[in-house]
Amino acid sequence: MEEILIEVKGLKKGYKKRKTKEWVQAVNDVNFTVKRGEILGLLGPNGAGKTTTIKMICGLIVPDEGEVVINGITMQKNRLKGLEHISAVLEGNRNLYWRLTARENLEYFAGNRGNSRKEKASEIEELLHEFKLKQKENELVSNLSRGMQQKLALAVALLADSDVILLDEPTLGLDIETGYEVRQLLKKISEAGKTIIISTHDMPVVQDLCERTVIINDGKVIADEKVEELMNLFETSAYVLTLGNELTEQQQKELDVKFPMNELLDGMKLTITLEQDNDIYDLMDLLKKENTIIEKIDRTTINFEEVFMNLIQEEKNHAIHSIN
Amino acid sequence: MPFIQLIKANTRMEFIEMKRYLPNTLSMIATIYIIFLGMLLGINVIGDPAQAEANIQHVIVNYIFWYLTLVTLTNIGFTITMEATRGTLEQLYMSPLGMWKILLSRLIGYMALHGVIVVGLLYLSMATANQWLYLKPDLTLTILLITLVGIVGVGFMIAGASVIFKQIQAFMQILQFILAALAFVPLSVAPILILAPFVKGVDMIRHVMIQGYSWTDFTAMDYTALIVNSVVYLFIGIFFYLKCEKIAMSRGLLGNY
Ligand SMILES: Nc1ncnc2c1ncn2[C@@H]1O[C@H](COP(=O)(O)OP(=O)(O)OP(=O)(O)O)[C@@H](O)[C@H]1O
Ligand SMILES: [Mg+2]
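Residues numbered from 1 in each chain as written. Chains lettered and ligands numbered in written order. Predicted model: local features only at pLDDT ≥ 70, side-chain atom pairs only at ≥ 80, totals over all residues. Heavy atoms only, no water.

K.L.:
Which parts of the structure should I look at to understand the overall build of chain B?
P.N.:
When helices and strands are counted, chain B shows nine helices and zero strands. Taken over C-alpha atoms, the radius of gyration comes to 19 Å for chain B, in line with the 18 Å a tight globule of 257 residues would show. If one aligns the C-alpha atoms of chain B with their principal axes, the spans along those axes are about 60 × 45 × 40 Å. Relative to its 257 residues, chain B shows a buried fraction of 54%. Summarising the internal contacts of chain B: among those between residues at least 6 apart in sequence, 78% fall at separations of at least 24. By element, 74% of the accessible surface of chain B is carried by carbon and sulfur atoms, the whole surface being about 12000 Å². Chain B carries 14 positive and 11 negative side-chain charges, and their two centres are separated by 13 Å. (Helix = DSSP H or I, 4+ residues; strand = E, 2+ residues; numbered from the N terminus. Rg over C-alpha atoms; globule rule 2.2 N^0.38 Å. Buried < 20%, exposed > 50% of the residue type's maximum accessible area, 1.4 Å probe, protein only. Contact = heavy atoms within 4.5 Å. Areas by Shrake-Rupley, 256 points an atom, 1.4 Å probe, with all protein chains shown as cover. Lys, Arg positive; Asp, Glu negative; His and termini not counted. Charge placed at Lys NZ, Arg CZ, Asp CG, Glu CD.)

Structure (structure tokens):
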């Protein structure tokens, strides 16, 4: 039942920057697996190596080390065979022919995978309806809104009938409404049993869609966990303290050093995330020193964005500690 | 047959582009028509008609040869450059049928459409000028097609360079120049050029046009040289292209980083 469809093993990739000639280790030993039918969120700050990882999975970039196995096929050995199982949207609306119509794009890309127009006619019809593009099917892509273009790119990928769909930032540049619409479509697609990897900055995408997330930073995996578990983990260590009087400057400084993940609202409402449960005593000591009154302590509800920021922050602190 | 679908889809794409950019297409058609007509009417103006006809035939056929060769040569590389700037290049590389087959299909579609237009225009201008050239279409077309197969190989080499360097316009211009020069050097002057692409084909055409050669006037050696040259260039070209593709993939050059 729990069949592993994608195995990413020890991927490494470095680039030589064209201008400065300096070496960038974009991906540095990335490992993870994806089960059939799973939606995996690939997260990380700018330049973390998400796009490079995705492109190595679909064989557009050859890794320096490591390999990707999809459905038993090693991409680095048998790329074309592997591609039968993969489709991708890598640059959103730029992945389309703007001088062709919506329908012509679908037909052209189907042809490029060896399918005739006749074979795909009913599927194209369905997709146009489902993606609410039917009325615009004969419109040039250049005349479509960004949201429609993005949806069309997704439809093109879906038409390939592949087991795996790779999406690099599928909601980039969309307004709230279209972003929502694309999320709903993705949800539907996932329910149809596709295996999906989404790289994104868009936290609602992760919260709404992904069961699991792999977070990469500086080319390394720093978390590979169920979204729910990550949320629980951080939920229990995040508090909101309502204070009776304002903190002194000295206290604030100490606070920033000891608990970098803190936020003070109106000088009286302190949101703080603790790395270890015991840290709560240190916090109490810090407040007691200046006789700060604590009126209330609450557990916060945390959203995934905060979880993500906390993880990245922790990683940075560790890096600093290990240098010292 | 997936490859047939590939050719269909890509020919259709080229056809749609021609239709959608009709002004461009029409001005291209008008230009070629005027050039043909000019050449044909030239026969009447310059000197002894009996002599001139053979010459003008040669000039026209050479022109068609040069034109189709140039298109074949630059089309694949140009496709890559275009697709890279549009952002669709990587999508093409996602096809399980392989990029080189897509490029070949694009070229076949483009050449089929252009070939029909050029040949059609030639007959149209002959009708307009009421100057009927004796073209031996069976022989010339065969030589032309075999020669073009070799040119496709050279086109793939240029495509390989395009995948890595993206901008190769300057290089293409030099190449056009070399090509034009090659078209004018008779093989008897520099026999080594038989190893170059395209030269043997042009030389045979020259014999057909000026010396009035027919199928049987060429030796088996002539045909063998023509075919072997083309096939070898085709294979070397595709091989070279695939090598360049590998390099581009390991340096991450396919995307628009
Ligand atoms: N083709 C390339 N040539 C040189 N350097 C590259 C290339 N592609 C990526 N890089 C560098 O590699 C690192 C990782 O880039 P990558 O695009 O994989 O990150 P990302 O996580 O997708 O970032 P973003 O969120 O900005 O899309 C960055 O430092 C980037 O500058
Ligand atoms: Mg990216």
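K.L.:
Got a minute to help me understand unusual backbone geometry in this structure?
P.N.:
Only a minority of non-glycine residues have a phi that is not negative, and only a minority of peptide bonds are not trans. With a phi angle near 55°, Asn291(A) is a residue other than glycine that sits in the positive phi range. Residue placement: Asn291(A) occurs in the loop between α10 (279-289) and β14 (294-299). Looking at Asn291(A), the relative accessible area reads 59%, which means it is exposed. Even without being a glycine, Phe198(B) presents a positive backbone phi close to 80°. Tracing the backbone through its elements, the reader meets Phe198(B) in the loop between α7 (169-184) and α8 (199-211). Residue class for Phe198(B) comes out buried when judged on its relative accessible area of 4%.

K.L.:
Hey, could you run me through the nonpolar core in this one?
P.N.:
The tendency in soluble globular proteins is for nonpolar side chains to be buried side by side. Phe32(A), Ile197(A) and Phe304(A) are the most contacted members of the largest nonpolar core, which totals 162 residues. The element that contributes the greatest number of residues to this core is helix α3 (residues 49-86) of chain B, accounting for 14 residues. Excluding its chain neighbours within four sequence positions, the residues that come into contact with Phe304(A) are Leu43(A), Met203(A), Val206(A), Gln207(A), Thr213(A), Val227(A), Leu230(A) and Met231(A). (Core = buried A, V, L, I, M, F, W, Y, C linked by side-chain atoms within 4.5 Å.)

K.L.:
Any chance you could explain a nonpolar patch on the surface here in plain terms?
P.N.:
Together, Val119(B), Tyr123(B), Trp132(B) and Leu141(B) make up an exposed nonpolar region whose accessible area comes to about 390 Å². Examined against the element boundaries, Val119(B) turns out to sit in helix α5 (residues 99-129). (Patch = residues over 30% accessible without salt bridge, like charges linked within 9 Å, V, L, I, M, F, W, Y side chains within 5 Å. Salt bridge = Lys/Arg side-chain N within 4 Å of Asp/Glu carboxyl O.)

K.L.:
In this structure, what is going on with the UniProt feature "transmembrane region" (unreviewed entry) in chain B? I would like to understand it.
P.N.:
Mapped onto this structure's residue numbering, the UniProt feature "transmembrane region" (unreviewed entry) falls at residues 21-43, 63-82, 103-123, 143-165, 177-199 and 223-242 of chain B. The span residues 223-242 of chain B carries 100% helix and 0% strand; its end-to-end C-alpha distance comes to 29 Å. (UniProt positions renumbered as here; feature names shortened; annotations may be inferred.)

K.L.:
Just to check I follow, could you spell out the domain arrangement of chain A for this structure?
P.N.:
All names here are of chain A. The domains assigned to chain A are domain 1 (1-85 + 162-179 + 188-226), domain 2 (95-160) and domain 3 (236-323). Roughly 830 Å² is buried in total at the junction of domain 1 and domain 3, and carbon and sulfur atoms are behind 84% of that figure. Viewed at the interface, domain 3 and domain 1 are joined by zero salt bridges. Of all the elements in the fold, those that place two or more residues in the side of domain 1 that touches domain 3 are α7 (203-209), β9 (212-217) and β10 (220-226). Taken together, the residues that form the side of domain 1 that touches domain 3 break down as seven nonpolar, four polar and no charged. (Domains from an automatic or database assignment. Buried area = accessible area lost by both parts, 1.4 Å probe. Nonpolar A, V, L, I, M, F, W, Y, C, P; charged D, E, K, R; others polar.)

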